Amino acid sequence: MATAPKAVRYRAVRTFKRAHKSPLILLERLPLEILLKILSYLDVSALYTLSHVNKLFYQLANDNVLWEKIHKAEHRRKRNLKCDCTYELLQMMSRMEVEDPPENFWKHQHLNSLIKYDTKTMKSHLGILNRHTGLPSRTRQVLRNLRVTWELTVSDKSGHKSTFEPSWCRFCETSVSLSWSGGGQLSDYKKISSLHLHGVRRIALNVPGLKTPGRRFLMLKVDMQAVAERMQIIGRDKLVELKLLQPGIVLGVWREVNSKDQSSVAFVMFTLHFHRLVERSTQENPLCPILKPMCNDVDPEHGLHGYQLHVALNDTTCDIMSEHFSQLFCRKADIGDGLMRLRAISRSNASQHARLAGSVGLPWSCETLQGNVQNGCVLSVTLVDFCQRKFWCVGSAVSVQLQETPVCYDYDGEHFLILHQDSEGRVEMQLVKEQTRFVVVSLAVSVAVGKVNKHFGTSY
């Protein structure tokens, strides 16, 4: 008597499973011609979802005949797509009259056309240039509307590659900060051979629970062996130490107090400046506009005046400084050490000093742990010439270093220095801490004279 109910329940479950699977089994038994005819009534989202059922439906849902029909129908609906047909594509289409197209050709062609069309349309929505930052006013909105995200590919010395999606992504006024924690897979940075940053452009499809298709565009490649010697420590807390690989790229390394070998990676953080970020994230090797040198034989100090500067400091969550400076200049006699120096805030002029809106720090999070490096922040610099052309753009994490207190009659607090330097220029910012707030008492931007000569056709 005790075993009968169990047998009944078992048979009931088997009967339910058979009934549950029967529609799919019946479909699979239909001739391929009928299945393709049924699938021809589905839209792109339904075909993409169906391709994840099994191998048979993956092959059917990627059939060239189906996708050619979809692509040509969309091509007729959006006449602007015809501009995406390159010469190579036209040649390939002409050969298709006698040759079968490659597998998944029409699917890839259709998805790529959608991406190009939407990108071209959205770029027109970047908006006018912000008069303070000199950057398009809607960069953040366009990136979100285009469903742009970023992926990090890590290659180790054995040839193994791992791709990670961002753990978090935070937009500020003129830059975006991205962080990858890797879930423990980024074990030892000494074993990493290279880092590849890709922009990923997703397609809007109604496919709940599935990652939508998209295209990847290489934005940056970092050779770890080449940057290892130049690696700088820009801050630390009780858990991690921040190593600056190059401007804009930081490794968070676990601090193992009882071990001499501190190479276990907690996270990787990138800072991307907004300048041409939409193009860099959605195009493979985007072409920079070719600008002819701006020659002028009348002005004896051509290229040394009329600059506009925007400087922002943030802690990856909010802006703590956003200042705009106009009509910056450098006299020809003041050029030295191969640098053109533009002073935005002078220590001797108290009316120019700027108070920061919050405390200086660099919050981070990694899986279940989080912290805040007190002696670090993110610096974003945008320098524009007198014709509103971008002259130098920088986005990078920087350190806030304690200095020996110079003689100062206006402030009694500790003095700090923020210093950023690369091959094109240098940013030097001096701060004084008053109680819990910082005051910027000096700010100077220096640009390489070679960059000035190339941009303006001068010979300083």
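Residues numbered from 1 in each chain as written. Predicted model: local features only at pLDDT ≥ 70, side-chain atom pairs only at ≥ 80, totals over all residues. Heavy atoms only, no water.

*Asks:* Explain the packing of aromatic side chains here, please?
*Replies:* Here the distance between the centres and the angle between the planes together describe a pair of aromatic rings. Applying the stated criterion across every chain, the model contains ten aromatic pairs. With centroids separated by 6.2 Å and ring planes inclined at 50°, the aromatic side chains of F171 and F274 adopt a geometry described as tilted. Here F171, found in strand β3 (residues 168-171), pairs with F274, found in the loop between β10 (265-273) and α10 (277-282); they are 103 residues apart in sequence, far enough to count as distant. Here F171 falls in the buried class, since its relative accessible area comes to 13%. Seen from their ring centres, F391 and F456 are 5.9 Å apart, and the 35° between their planes marks the pair as tilted. A residue pair is termed long-range when its members are at least 10 positions apart, and F391 in strand β18 (residues 390-403) and F456 in helix α11 (residues 449-456) qualify at 65 residues. Per residue, the accessibility class of F391 equals that of F456, and both read buried. (Phe/Tyr/Trp six-rings, centres within 6.5 Å; stacked < 30°, edge-to-face > 60°. Helix = DSSP H or I, 4+ residues; strand = E, 2+ residues; numbered from the N terminus. Buried < 20%, exposed > 50% of the residue type's maximum accessible area, 1.4 Å probe, protein only.)

*Asks:* Can you help me understand unusual backbone geometry in this one?
*Replies:* Generally, phi is negative for residues other than glycine and the peptide bonds are trans, each holding for most cases. One non-glycine residue, R147, adopts positive backbone phi at about 55°. The residue R147 is located in the loop between α8 (139-145) and β1 (148-156) in this model. One non-glycine residue, R276, adopts positive backbone phi at about 55°. Mapped onto the elements, R276 comes out in the loop between β10 and α10.

*Asks:* Would you mind going over the nonpolar core with me for this structure?
*Replies:* Note that soluble globular proteins tend to have their nonpolar side chains buried in a common cluster. L309, L313, M429 and L443 are the most contacted members of the largest nonpolar core, which totals 39 residues. Ranked by size, the runner-up nonpolar core spans 34 residues in total, among them L146, I192, I249 and L272. (Core = buried A, V, L, I, M, F, W, Y, C linked by side-chain atoms within 4.5 Å.)

*Asks:* Mind showing me how you'd approach the pattern of salt bridges here?
*Replies:* Charged atoms that come close allow side chains of opposite charge to pair. Counted according to the given criterion, the structure contains ten salt bridges. Across the pair E241 and K243 runs a salt bridge whose closest N-O atoms are separated by 3.4 Å. On the accessibility criterion, K243 (10% relative accessible area) is buried. (Salt bridge = Lys/Arg side-chain N within 4 Å of Asp/Glu carboxyl O.)

*Asks:* Please clarify how the state of the cysteines should be interpreted in this entry.
*Replies:* Working definition: the covalent bond between the sulfur atoms of two cysteines is a disulfide. As enumerated under the stated definition, the model contains zero disulfides in all. Distance from the sulfur of C318, which forms no disulfide, to the nearest cysteine sulfur (C172) is 7.2 Å. A relative accessible area of 38% means that C318 is categorised as partly exposed. (Disulfide = S-S within 2.5 Å.)

*Asks:* Sorry if this is basic, but what is going on with the sheet that holds strand β8 (residues 240-246) here?
*Replies:* Here six strands make up an open sheet; going across it, the order is β3-β4-β10-β9-β8-β7 and the pairing antiparallel. Of all the strands in the sheet, the pair left with one neighbour each is β3 and β7 (232-236). The mean inter-strand angle of the sheet, taken between neighbouring strand axes irrespective of direction, is 20°. One ladder, built from four bridges, connects β3 with strand β4 (residues 175-180); its direction is antiparallel. Bridging from a neighbouring strand, F171 pairs with V176 of β4. (Pairing = 2+ DSSP bridges. Axes fitted to C-alpha atoms, helices over the stretch in contact; angles between N-to-C directions.)

Coordinates in, geometry out; function isn't part of it.
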